[in-house]
Amino acid sequence: MGKWSDWRNWNKHDKKVINSIVGDLKDHPTVLQMREYKQHGKTSTYDHCMAVVRASYKLDRLLHTKCDRKALLRGAMLHDLFLYDWHDSSTHTGMHGYVHADTALKNATNHFGIGKKEQSIIYSHMWPLNISRIPKNREAWVVCLADKYVSIKETIHRR
Ligand SMILES: [Fe+2]
Ligand SMILES: [Fe+2]
């Protein structure tokens, strides 16, 4: 277990590491489309995914999870690549909370040919809402937790 300061502190080196892993994704036109959609309150889906990348990185560092960092951060960046306005029910079939992981997985696979760990991160990130999709590896657990933390923070800040 790392020190609490590992969570609080944030420096140029950390930004560099993150950029070296997700730099190509965060500037990709398909990923940039997420800027058009709101996630929670005023936060765009793009900013939400970037926040989940940073929180996943910090959790990995704080808890020494020994994650595959490349898969962890790339999966975090793509975990909500569903590319529609979820507030408008005509944009998707079924309840957004239950169906968007599959849409994001399909988009991420089609555009980026992601590996098994990234697929598993996206597939199970909505656990426990999707109760049967228990995260199957440490990378999926970290992103699932980071997503909850960031979502709660964004929802509180909107009020
Ligand atoms: Fe999601
Ligand atoms: Fe999310």
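Preceding this paragraph is the structure being described.
The rules we used
- Residues numbered from 1 in each chain as written.
- Chains lettered and ligands numbered in written order.
- Predicted model: local features only at pLDDT ≥ 70, side-chain atom pairs only at ≥ 80, totals over all residues.
- Core = buried A, V, L, I, M, F, W, Y, C linked by C-beta atoms within 7 Å.
- Buried ≥ 20, exposed ≤ 12 C-beta atoms within 10 Å, placed from the backbone.
- Helix = DSSP H or I, 4+ residues; strand = E, 2+ residues; numbered from the N terminus.
- Contact = placed C-beta atoms within 7 Å.
- Expected span 1.5 Å × (residues − 1).
- Bend = angle between axes of the 7 residues up to and from the residue.

> I keep staring at the nonpolar core and nothing clicks. Help me out?
Proteins that are soluble and globular tend to have nonpolar side chains buried together. The biggest cluster of nonpolar side chains holds 38 residues, and the ones touching the most others in it are Val 52, Val 53, Leu 73, Ala 76, Met 77 and Val 143. Elements with a contribution of two residues or more to this core: helix H2 (12–26), helix H4 (45–63), helix H5 (69–78), helix H6 (96–112), helix H7 (116–124) and helix H8 (138–158). Per-element tally for this core: the top contributor is H4, with 9 residues. Other than its neighbours up to four places away in sequence, Val 143 contacts Val 52, Ser 56, Leu 72, Gly 75, Ala 76, His 79, Ile 121 and His 125.

> Help me out: how do you make sense of H2 in this one?
Along an α-helix, residues three or four positions apart point the same way, because every turn accommodates 3.6 residues. The terminal C-alpha atoms of H2, which comprises 15 residues, lie only 18 Å apart, well short of the 21 Å expected from a rise of 1.5 Å per residue. At Ser 20, H2 is bent by approximately 55°, the largest bend along its length. Ile 18, Ile 21, Val 22 and Leu 25 are the residues of H2 that are buried. Considering only its buried residues, H2 is in contact with helix H3 (29–32), H4 and H5.

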